[in-house]
Amino acid sequence: MENAWNKYNKKQKQQVFDFAEGYRQFISDCKTERECVKKGVEIAEKHGFKDLQDFIDKKKALKPGDKVYFVNKSKDLALFIIGKQALENGMNILGAHIDSPRIDLKQHPLYEDHDIALADTHYYGGIKAYQWVTLPLALHGVVCKKDGSIVDIVIGEDMKDPVVGISDLLIHLAAQQMQKKANEVIEGEDLNITIGSMPLEKEEKDAVKANILKLLKDKYNIEEDDFVSAEIEVVPAGPARDYGLDSSMIMGYGHDDRVCAYTSLMALMEIENPEKTVSCMLVDKEEVGSIGSTGMQSYFYENLVAELIELTGGYDYLKFRRCLANSKMLSSDVSAAYDPNYPAVNEMKNTCFFGGGIVMNKYVGSRGKSGSNDANPEFIAEIRKVWDDAKVSWQTAEIGKVNQGGGGTIAYIMAKYNMQVIDSGVGVQNMHAPWEVASKVDIYEAKNAYVTFCEKMK
Ligand code: MN
Ligand code: MN
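Please read these numbers as outputs of a predicted model, since none were measured by experiment.

(A) Quick peek at the coordination of the manganese ion (ligand 2). Every protein donor of the manganese ion (ligand 2) is listed here as Asp 256 (OD), Glu 287 (OE), Glu 287 (OE) and His 432 (NE2), and their distances to the metal cover 2.0 to 2.6 Å. The motif formed by the donor residues of the manganese ion (ligand 2), counted along the single chain, is D-x30-E-x144-H. Separating the manganese ion (ligand 2) from the manganese ion (ligand 1) is a gap of 3.2 Å, bridged by Asp 256, which donates to each. In this pair, Glu 287 is assigned in the loop between strand 13 (277-283) and helix 7 (300-311) and His 432 in the loop between strand 19 (427-429) and strand 20 (436-439), connecting sequence segments 145 residues apart.

(B) Main features of the pairing of strand 12 (residues 249-252). Here three bridges tie strand 11 (residues 241-243) to strand 12, and the two strands are oriented antiparallel to one another. Bridge pairing in strand 12 links Arg 241 to Met 251. Taken together, strand 11 and the strand that follows it, strand 12, pair antiparallel across an intervening segment of five residues, in which Gly 244 is found at a positive phi of about 90°. Bridge count for strand 12 against strand 20 is four bridges, and the pairing is antiparallel. In the sheet register, Ile 250 faces strand 20, and the bridge partner there is Ala 438.

(C) Spotlight on helix 8 (residues 317-325). Those residues of helix 8 not exposed but buried are Phe 320, Cys 323 and Leu 324. The arc that holds every buried residue of helix 8, seen down its axis, measures 95°, which confines them to one face. By the N-cap criterion, in which a side-chain oxygen at the helix start approaches the backbone nitrogen of a residue two or three places on, helix 8 is capped by Asp 316, the distance to Leu 318 being 3.0 Å.

(D) A look at the sheet that holds strand 3 (residues 76-81). A sheet is described by the order of its strands in space; here nine strands give the open sequence 1-2-3-13-4-14-18-16-17, paired in mixed fashion. Each end of this open sheet is capped by a strand with a single partner; those strands are strand 1 (50-51) and strand 17 (394-396). Where strand 2 (residues 67-72) lies against strand 3, six bridges are found, and the strand directions are antiparallel. Along strand 3, the bridge assignment pairs Val 71 with Leu 77. Across the sheet, helix 7 is in contact with strand 2, strand 3, strand 4 (91-97) and strand 13; its angle to strand 3 comes to roughly 30°. Against the sheet, helix 11 (residues 440-456) touches strand 4, strand 13, strand 14 (328-332), strand 16 (358-361) and strand 18 (420-425), its axis set at about 150° to strand 4.

(E) Molecular detail of the nonpolar core. The biggest cluster of nonpolar side chains holds 63 residues, and the ones touching the most others in it are Leu 79, Leu 94, Leu 268, Met 269, Ile 383 and Trp 387. Here Leu 79 is in contact with Ala 44, Phe 49, Val 68, Tyr 69, Leu 265, Leu 268, Met 269, Val 278, Ser 279 and Cys 280, once residues within four sequence places are set aside. Grouped together as the second largest cluster of nonpolar side chains are 34 residues, Ala 306, Ile 309, Leu 324 and Met 329 included.

(F) Spotlight on the packing of aromatic side chains. Under the counting rule described, the total for this entry stands at 13 aromatic pairs. Ring centres of Tyr 315 and Phe 320 lie 5.9 Å apart, and the angle between their planes is 50°; on these two criteria the pair is classed as tilted. Classification of Tyr 315 as partly exposed rests on a relative accessible area of 41%. One aromatic cluster is present, built from ring pairs that chain together Tyr 8, Phe 19, Tyr 23, Phe 26, Tyr 262 and Tyr 444. The side chain of Arg 102 reaches across the aromatic face of Tyr 124, ending 3.7 Å from its centre. Here Lys 369 stacks its cationic end above the ring of Tyr 363, 3.9 Å away from the centre of that ring.

The rules we used
Residues numbered from 1 in each chain as written. Chains lettered and ligands numbered in written order. Predicted model: local features only at pLDDT ≥ 70, side-chain atom pairs only at ≥ 80, totals over all residues. Heavy atoms only, no water. Donors = N, O, S within 2.8 Å, 3.2 Å for Na, K, Ca; no water. Helix = DSSP H or I, 4+ residues; strand = E, 2+ residues; numbered from the N terminus. Pairing = 2+ DSSP bridges. Buried < 20%, exposed > 50% of the residue type's maximum accessible area, 1.4 Å probe, protein only. Arc of directions from axis to C-beta. Polar contact = N/O pair within 3.5 Å; in protein donor to acceptor, adjacent residues only side chain to side chain. Contact = heavy atoms within 4.5 Å. Axes fitted to C-alpha atoms, helices over the stretch in contact; angles between N-to-C directions. Core = buried A, V, L, I, M, F, W, Y, C linked by side-chain atoms within 4.5 Å. Phe/Tyr/Trp six-rings, centres within 6.5 Å; stacked < 30°, edge-to-face > 60°. Lys NZ or Arg CZ within 6 Å of the ring centre and 35° of its normal.

Dropping the structure here:
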């Protein structure tokens, strides 16, 4: 493998670091899908993107060069730059997900046990529960009240804020626990968040919990019942950090898949007047099967394409179907980067490495490629050409040895429109752990790969 760092001189390396710093700040600030959408809109508007809803409402025509975005239910963000060619010829699409594994509060979360107040949770996505104990955790989310107002909650990020956490048994009393299998050491139902220990004055029953409720009432004007219509996500507290003595990597929460989401988004920010219409979609619910109205299986994106056809010359069913079928897509998600501590899970010829650049996965899936979008080699050849011509560093990989495990992405969902789709993305270590690790140069290569894909794919 040619290490991508070797391509760059001192000045260019600084560009890699500068881009990575923007990303480090993004994942430090954006730890939920909603926060990613909000920040994404802010970035897009700064780069001249306008709300597509406004064009739809006013029946304003879209012309080549126009930049628009659309927010679906606060949890998906789709962006388009209208190309010179007709939409019927298809789009070049970048897709990534902005939900990450985490721990969600239940609808009735609060209780008290011997003067300790706790919050009950149900974890989201695939986690090793034992990794999430004895860490400073923060609460991010929304509480939707009956009067229609929405209260944004972020507790634990400001250094003056308190954090919360999940306790673990002391080693001195862990003789039995240490005999358990790793998936039983911490049971899912035992991921309870400690939130308080000080009783409310003059309160007799559950005084500690009552005190917490009073704090929430005073600061956010919310009641215990309001948790029924809330989404509070418990995530690692604190910012992402430079990792390694050479600061060549970033350790942060939610690289999966915000590292592909941010790079896809920023790629679109660099593009002006593309030949074909280019698009970026940042979607929710990938970690739990892409279901629901905000997952990739929702028709929201398809509906948007119909709106675009309408606004670029009038809706036509055939043109709409052709637009989807003629599109090309990079379905971007993180890959399992080689980890010297665990070499046994990899087959070394088909493994990705830090410094190797963006990763292409012809297929993912498990047990005989099951459930995978197996990308067409004609399509892969076209991408190779485009990336090589632009001197983008890229590599290919499978997720581990045959029958070692596997995973799924959003690729197969878009492929059903008969568009060309391939999985690609950035290699990470510690995937799905509270603190994941990615290489800065791979992040930079991914962004460049996305720009090139959007501009150059025929
Ligand atoms: Mn992912
Ligand atoms: Mn994942």
